[in-house]
Amino acid sequence: MAEHLAALNPEQRMAVETLDGPVLVLAGAGTGKTRVLTTRFAHILLSGRATPHQVLAVTFTNRAAREMRERVANLLGRPVEGLWLGTFHALAARMLRRHAAAAGLSPNFTILDTDDQLRLLKQVMAAERIDAKRWPPPLLMSQIQRWKDRALSPARLGAADLAQAGDLAGGRIASLYGAYQARLKALNATDFGDLLLFVTDILRDQPDILAEYHRRFRYILVDEYQDTNLVQYLWLRLLAQASKNICCVGDDDQSIYSWRGAEIENILRFEQDFPGAAVIRLERNYRSTAPILACAAALIAHNQGRLGKTLRPGGKEAGGEKVRILSLWDQEEEARAVGQAIEDLRAEGEKLTEMAVLMRAGFQTRAFEERLITLGIPYRVVGGLRFYERAEIRDAIAYARLLVQPGDDLAFERVVNTPRRGVGTAALQTLHVRARADDTALTTAAGALIASGALRGRAGEGVRRLLDDLGRWRARLEAEGPVVAMQFVLDESGYTDMLKADKSPEAPGRLDNLKEFVRALADFESLQGFLDHVALVMENDENAAGDRVNLMTLHAAKGLEFDTVFLPGWEEGLFPNQRALDEGGVKSLEEERRLAYVGLTRAKKRAIILHAAHRRIYANWQDSIPSRFLDEIPEEQITRGGTAASSRRVRAPAFPPRRGLIEASAITRPAPMSAIAIGARVFHAKFGYGTVTAADDDRLDIAFDKAGKKRVLDRFVEPA
DNA sequence: GGATCGCTGATTTTT
DNA sequence: TCAGCGATCC
């Protein structure tokens, strides 16, 4: 162990060795955060202060949890068993299963995924007569989730919370929330938000249970603390109450998930929340070159309300390439520029896996995909559908859930007619009516209807067969375990045959996925354990192999690093994103800026920022103004290029340049006089007539008569 | 029960 | 522009 400690710098070492009391480690990007966390973990174990099961280690993503587990095992030189190491949700689920009764659930409760949550909410909305047209279910769902993030159960909603929700669902959102929770309980199900909400309630209300965990956990380690929401904070605080040995690692400058309920205030307030806390700053960056760090530092310095940290080069201060800013004509040219640069780097021997294109929004990937396909450069899109979100996997899961919990109505509905059993909406309606009348589950109602002969014909036959099958499969599960049982389910239900008969190009892949599904079952003792794994842990890592360029959103890139990073679309409206700005004002602008900071600090050797002067958004073309973030990075750290350089220093050409050619020097043209005043009537070639509502240097906000509000450069309009 | 038509809306996303 | 949805029709 001594050698592991010796490899750390003084601050890192302090962060590892300060074991007693609360510790906040402010770890800037690339300062060895994971190393500190894992070394600290190993140090606790090796110093004999705690056994593996006496340490609680919490992360946000499964990826981070896996990495920590591997690296701790590495440091110890052996795999470690019995760890309480996992994501907030996985750990909360584990606790909740142990104390399910305290939350009014039985231990085999189902964890619904987003899709089921939404379907359930729609059902409840129908029952509550809330118009789903007027009030989009996803919008209401997100309000409910935000409340759960803040530990607000329906009973705990205050006047202020209701006021903030406004007239959502016609002012009946609170009762909708209550009805939704009641429905979940009736189904013996929870959604993701409930896991932490319920566990926190139990710990708070049941001192004996809390005491048990106090005895158990001597040390708590938390990763990415800046991303925690209020329930997660409460949960941690309860657990840390006795020992006070909680160590949170995070970076306020990388808080980019406020829209998901994360509260940056948690990290900003740490010293008040945990009195006597030691705060340790890690500022030596071992990842990026000096110019990249200088740009990132200058950019993030524009934010207010930071804890304050300055990244500095940690090791060899050798120069390094300046950050490149490329100004292009439109998005196609932007994609061509990136493609060209990738080819050049590849020719120089750089690996494709060490290159990434990081963008603000998912739709931006398309242009790059098309270009890379044309060039024949392999790429991978990170993100997208996860394994368990695929239709066939969700179907298989629904069957499994039905085996574990016959009363799982959502699962029943999903599979009752997949594969086709002649059970249409009419038959399902009959089942629902009966279930509601008897206050039973759909399966029970189905049994009753068949026994009484009320459900006959094709649908009756189909339902009867399904009920018989389910009984037989449950017996198989009992006798022969999950793998055999699920194989029977897929074969005897006709699911496999259905896919074999399917001529669509996706069908073979779906069959493969199901094989993988059954294979994965083998690692689990119980179907229940497997279902938890699938809901909370299972990821999609296909096409992870091979030398490929990475395409992903900036959000997805957090925690990763690449030699070369391309940052396209740095334009006002896209990045910073206009919608974020409209919704959240300065706070959102700062979050956008943190996102830019995250993007830049992913780069080890070089960063290339791009922006296009014109972008097609939906049907029409829009003029784009370079992102204000470009003005916030120091001129001496950058080089400029591209065909349409159009910053305030170098302006865009009035006409398209020859397409497909990236010239070293920009075509320039003198700055026009901004003779257009607020309130002036103007004409724009694409948007028509409008009135200027605001002006900032050469950027004009114009309310167009037909095209709505837009922000354009003054040289694109003329006085009307 | 499935195909077809038209409308709508379109950041970020983990668990 | 274009996908995804619900409503409508066969």
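Quick look at the structure, then. What you see is a predicted model; the values in this text were computed from it and never measured.

Below, the discussion takes up the overall build of chain A. Helix and strand counts for chain A come out as 27 helices and 23 strands. By the burial criterion, 53% of the 720 residues in chain A qualify as buried. Only carbon and sulfur atoms are counted for the fraction: they give 52% of the accessible area of chain A, which is about 30900 Å².

In space, the six strands of this open sheet follow the order E3-E2-E6-E7-E1-E8, with parallel pairing throughout. Each edge of the open sheet is held by one strand with a lone partner, namely strand E3 (84-87) and strand E8 (278-282). On average, adjacent strands in this sheet sit at an angle of 15° to one another, irrespective of strand direction. Of the strand pairs in this sheet, strand E2 (residues 55-59) and E3 are connected by four bridges, and their pairing is parallel. The residue of E3 that forms the bridge with Leu-56 is Trp-84. Relative to the sheet, helix H2 (residues 10-17) contacts strand E1 (23-27) and E8, its axis offset from that of E8 by approximately 145°.

A word on the state of the cysteines. By the definition in use, this model includes zero disulfides. Cysteine Cys-248 remains unbridged, with the sulfur of Cys-247 as its closest cysteine sulfur at 6.8 Å.

Under the counting rule described, the total for this entry stands at 16 aromatic pairs. Between Tyr-399 and Trp-473 the ring centres are 5.9 Å apart and the planes differ by 80°, which places this aromatic pair in the edge-to-face class. Here Tyr-399, found in helix H18 (residues 391-404), pairs with Trp-473, found in helix H22 (residues 457-492); they are 74 residues apart in sequence, far enough to count as distant. As far as the burial class goes, Tyr-399 and Trp-473 line up, both buried. Aromatic side chains Phe-575 and Phe-629 sit 5.3 Å apart centroid to centroid with 75° between the ring planes, which places their arrangement in the edge-to-face category. With Phe-575 in the loop between strand E15 (562-567) and helix H27 (578-600) and Phe-629 in the loop between strand E17 (620-623) and strand E18 (638-641), this pair connects stretches of sequence that are 54 residues apart.

Below, the discussion takes up the pattern of salt bridges. Pairing between side chains of opposite charge can happen when the charged atoms of each approach one another. Tallying each qualifying case throughout the model produces 57 salt bridges. A salt bridge links Glu-492 to Arg-472; the nearest nitrogen and oxygen atoms lie 2.6 Å apart. With relative accessibility at 32%, the residue Glu-492 sits in the partly exposed group. With a relative accessible area of 40%, Arg-472 lands in the partly exposed category. The closest approach of N and O atoms between Arg-594 and Glu-591, which form a salt bridge, is 3.3 Å. Here the residue Arg-594 and the residue Glu-591 both occupy positions in helix H27, the gap between them amounting to three residues, near one helical turn. Just as Arg-594 is buried, Glu-591 falls in that class too.

Right, let's talk about the protein's contact with DNA strand B for a bit. Surveying the vicinity of DNA strand B reveals 27 residues, the closest of which are Asn-62, Gly-362, Arg-420, Thr-553 and Ala-580. Counting only the atoms of DNA strand B that lie within 4 Å of the protein, the sugar and phosphate share comes to 54%. Between DNA strand B and Thr-114, the relevant distance is 3.4 Å, taken from a base oxygen to a side-chain nitrogen or oxygen of the residue. A distance of 2.8 Å is found between a phosphate oxygen of DNA strand B and a backbone nitrogen or oxygen belonging to Gly-424. Per element, the largest residue contribution to the surface near DNA strand B is four residues, and it comes from H27. By residue class, the composition of the surface near DNA strand B is nine nonpolar, eleven polar and seven charged.

You can see Asp-227 is positioned in the loop between strand E6 (219-222) and helix H12 (230-240). A distance of 2.5 Å separates a polar atom in the side chain of Asp-227 from a polar atom in the side chain of Lys-558. Sequence-distant contacts of Asp-227, defined by excluding residues within four places in its chain, comprise Phe-60, Gln-232, Gln-254, Ser-255, Ile-256, Tyr-257, Ala-262 and Lys-558.

This brings us to unusual backbone geometry. Along the chain, Thr-418 connects to Pro-419 via a cis peptide bond; the corresponding omega equals -5°. The topology assignment puts Pro-419 in the loop between helix H19 (409-415) and helix H20 (425-438). For the bond from Phe-575 to Pro-576, the omega torsion is 5°, close enough to zero to count as cis. For Arg-129, which is not a glycine, the phi torsion comes out positive at approximately 55°. Among the secondary structure elements, Arg-129 is positioned in the loop between helix H6 (114-127) and helix H7 (137-149). Overall, Arg-129 belongs to the exposed group, its relative accessible area being 74%. For Lys-244, which is not glycine, the phi dihedral falls at a positive 65°. With respect to the helices and strands, Lys-244 occurs in the loop between H12 and strand E7 (246-250).

Thresholds, definitions, all that
- Residues numbered from 1 in each chain as written.
- Chains lettered and ligands numbered in written order.
- Predicted model: local features only at pLDDT ≥ 70, side-chain atom pairs only at ≥ 80, totals over all residues.
- Heavy atoms only, no water.
- Helix = DSSP H or I, 4+ residues; strand = E, 2+ residues; numbered from the N terminus.
- Buried < 20%, exposed > 50% of the residue type's maximum accessible area, 1.4 Å probe, protein only.
- Areas by Shrake-Rupley, 256 points an atom, 1.4 Å probe, with all protein chains shown as cover.
- Pairing = 2+ DSSP bridges.
- Axes fitted to C-alpha atoms, helices over the stretch in contact; angles between N-to-C directions.
- Contact = heavy atoms within 4.5 Å.
- Disulfide = S-S within 2.5 Å.
- Phe/Tyr/Trp six-rings, centres within 6.5 Å; stacked < 30°, edge-to-face > 60°.
- Salt bridge = Lys/Arg side-chain N within 4 Å of Asp/Glu carboxyl O.
- Near = heavy atom within 4 Å.
- Polar contact = N/O pair within 3.5 Å; in protein donor to acceptor, adjacent residues only side chain to side chain.
- Nonpolar A, V, L, I, M, F, W, Y, C, P; charged D, E, K, R; others polar.

Everything listed is a geometric property; what it means functionally is a separate question.
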